[in-house]
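As a plain string of letters, each chain reads:
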Amino acid sequence: MRCLARWVLGGFLLALGALPVALYAAGDAAGAADFSQQRARLVATVRAHAAQPGSGAPGGRISPRVLAAMAAVPRHLLVPKRYRRLAYADRPLPIGHGQTISQPYIVALMTELLGAGREDVVLEVGTGSGYQAAVLSGLVRHVYTIEIVAGLARRAAADLARLGYGNVTVRAGDGYRGWPEHAPFDAIMVTAAPKVIPPPLIAQLKPGGRLVMPLEGAFGRQSLMVIEKGADGRIVRRKIIAVRFVPLTRNRR
Ligand code: SAH
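Residue positions within a chain follow its written sequence, with the count starting from 1. Where totals are concerned, whole chains, interfaces and linings use all residues; where local detail is concerned, this predicted model gives features only for residues with pLDDT of at least 70, and gives and counts side-chain atom pairs only at 80 or more. Processing note: side-chain calculations cover all non-hydrogen atoms of the structure and skip hydrogens and water entirely.

Chemist: Tell me about the pairing of strand β4 (residues 142-147), and name the residues and values.
Modeler: Burial analysis of β4 places six of its six residues in the buried class, the great majority of the element. What you see with β4 is no split at all: His-142, Tyr-144 and Ile-146 on one side and Val-143, Thr-145 and Glu-147 on the other are buried throughout. In this description, strands pair whenever DSSP reports at least two bridges between them. Numbering of helices and strands runs from the N terminus, with a helix taken as a DSSP run of H or I at least four residues long and a strand as a DSSP run of E at least two residues long. In this sheet, β4 lies alongside strand β3 (residues 121-125) in parallel orientation, the contact comprising five bridges. Bridged to Leu-123 within β4 is Tyr-144. One crossover worth recording links β3 to the parallel β4 by way of helix α4 (residues 131-137), and it is right-handed. The sheet contact formed by β4 and strand β5 (residues 168-172) spans five bridges and is parallel. In the sheet register, Ile-146 faces β5, and the bridge partner there is Arg-171. Here is how to tell: hold the view so the strands point away, follow the path from the first strand over the helix to the second, and if it runs clockwise the crossover is right-handed. A crossover connection joins β4 to the parallel β5 through helix α5 (residues 150-162); in handedness this β-α-β unit is right-handed. Only protein chains enter the accessibility calculation, which uses a 1.4 Å probe. A residue is then buried if its area is under 20% of the maximum for its type, exposed if over 50%, and partly exposed in between.

Chemist: Tell me about the site of the ligand, and name the residues and values.
Modeler: The immediate surroundings of the ligand are formed by 27 residues, with Ser-129, Glu-147, Asp-174, Gly-175 and Thr-249 found nearest. Polar contact is defined as a pair of N or O atoms within 3.5 Å, subject to the rule that within protein one atom must be able to donate a hydrogen and the other to accept it, and that residues adjacent in sequence are counted only when both atoms are side-chain atoms. Contact between the ligand and Gly-126: a nitrogen atom at 2.9 Å from a main-chain N or O atom of the residue. Take Ser-129: an N or O atom from its side chain is 2.6 Å from an oxygen atom of the ligand. Isolated, the ligand exposes 580 Å² of accessible area, and the fraction of that covered by the protein chains is 99%. Those elements that provide at least two residues to the shell around the ligand are β2 (99-101), β3, α4 and β4. For each residue, the test is whether any non-hydrogen atom lies within 4 Å of the molecule or strand; if one does, the residue is near. Method for areas: the Shrake-Rupley scheme with a 1.4 Å probe, in which residue coverage is limited to the protein chains shown.

Chemist: Would you mind going over the packing of aromatic side chains in detail, with residue names and values included?
Modeler: Only rings of Phe, Tyr and Trp enter the pairing, Trp through its six-membered ring, and a pair is recorded when the two centres are within 6.5 Å. The plane angle decides the type: under 30 degrees is stacked, over 60 is edge-to-face, the rest tilted. On inspection of all chains with the given rule, the structure shows three aromatic pairs. Each ring, one from Tyr-144 and one from Trp-179, has its centre 5.2 Å from the other, and the planes form 70°; the classification is edge-to-face. In this pair, Tyr-144 sits in strand β4 while Trp-179 sits in the loop between β5 and β6 (185-190), placing the two residues 35 residues apart along the sequence. Given the relative accessible area of 13%, Tyr-144 is considered buried. Owing to a relative accessible area of 7%, Trp-179 belongs among the buried residues under this scheme. Each residue in the set Tyr-144, Trp-179 and Phe-185 is aromatic and connected to the rest through ring pairs, giving one cluster. Charge-over-ring contacts are defined here by two conditions on Lys NZ or Arg CZ: a distance within 6 Å of the ring centre and an angle within 35 degrees of the ring normal. Between Arg-75 and the ring centre of Tyr-131, over which it is positioned, the NZ or CZ distance is 5.3 Å. Residue placement shows Arg-171 over the ring face of Trp-179; its charged tip is 4.8 Å from the ring centre.

Chemist: Give me the lowdown on the side chain of Glu-124, citing residues and values where you can.
Modeler: Tracing the backbone through its elements, the reader meets Glu-124 in strand β3. A residue counts as positive if it is Lys or Arg and as negative if it is Asp or Glu; His and the chain ends are not included. Take a side-chain nitrogen of Lys or Arg and a carboxyl oxygen of Asp or Glu: if they are within 4 Å of each other, that pair is a salt bridge. Despite its burial, Glu-124 pairs with no opposite charge, the nearest such side chain being Arg-75 at 12 Å. In this description, contact between two residues means that some pair of their heavy atoms is separated by no more than 4.5 Å. When near neighbours in sequence (up to four residues on either side) are disregarded, Glu-124 contacts Gln-132, Ala-133, Tyr-144, Thr-145, Ile-146, Met-189 and Thr-191.

Chemist: Got a sec to walk through the confidence of the model for the protein? Specific residues and values, please.
Modeler: Here the protein averages 91 in pLDDT, and 87% of its residues register 70 or above. Confidence scores per residue from the predictor, reported as pLDDT, run from 0 to 100. No element of the protein has a lower mean pLDDT than helix α1 (residues 2-51), at 66, and none a higher one than β3, at 99. Within the model, the stretch residues 1-27 combines pLDDT values under 50 with zero contacts to residues more than four positions away or in other chains.

Shown next as structure tokens:
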């Protein structure tokens, strides 16, 4: 009898224990489906934004391969938990250390302007959450990305590895200096705004390569720039649109 009671009690406790797990799992699956719907809507918003006058998108469009890359990245898993429900709004979000994850439209635009191909090796300066690196990861051969805030670099490296982005290498350091060990790069993207185009980045760009970055001008106004290095090494720069990024900071040595 006592044995049966123990068995019943044990079964009850087991069931109790399993219940929250079952609920949690069901909630998680529903959440994942919901997030993928939200992500599809975000991609539609990005496409519509590109079609508007003054969007900066060449020909008013973001190419299908860039949109597909964005549709594949779980942005909600790269933002702090408390901002998850806002992960697919077309807006920047805080990621701690006074930094932000860029607005998805700007990520799409910069990725489009970079025009990197399947075989390209790309440098990103300003890893932040790792979101931009994850988007690039689906489009190119390898992404090297540098983040000056060590805590952010560590978190992004762990998140990207956990999510299976095997072709992204994260390093903590001052990206102003580029990453000479892996240079030259087919393309470089900077996601924080300096006041001058960092000469090491120009030097580490292949002839025929592109650098996409915000640049701070007079009165703190920033412009998104496309800087092209011709086959002869000549530099041509174009302003695309006004933007607002966190400043590119420097390590003092
Ligand atoms: N690309 C990021 C957005 C980053 S915000 C994303 O997808 O989430 C810009 C980031 O640049 C911040 O995390 C900031 O710490 C970093 N940063 C600023 N100056 C830097 C520098 N000199 N080298 C590397 N990273 C820098």
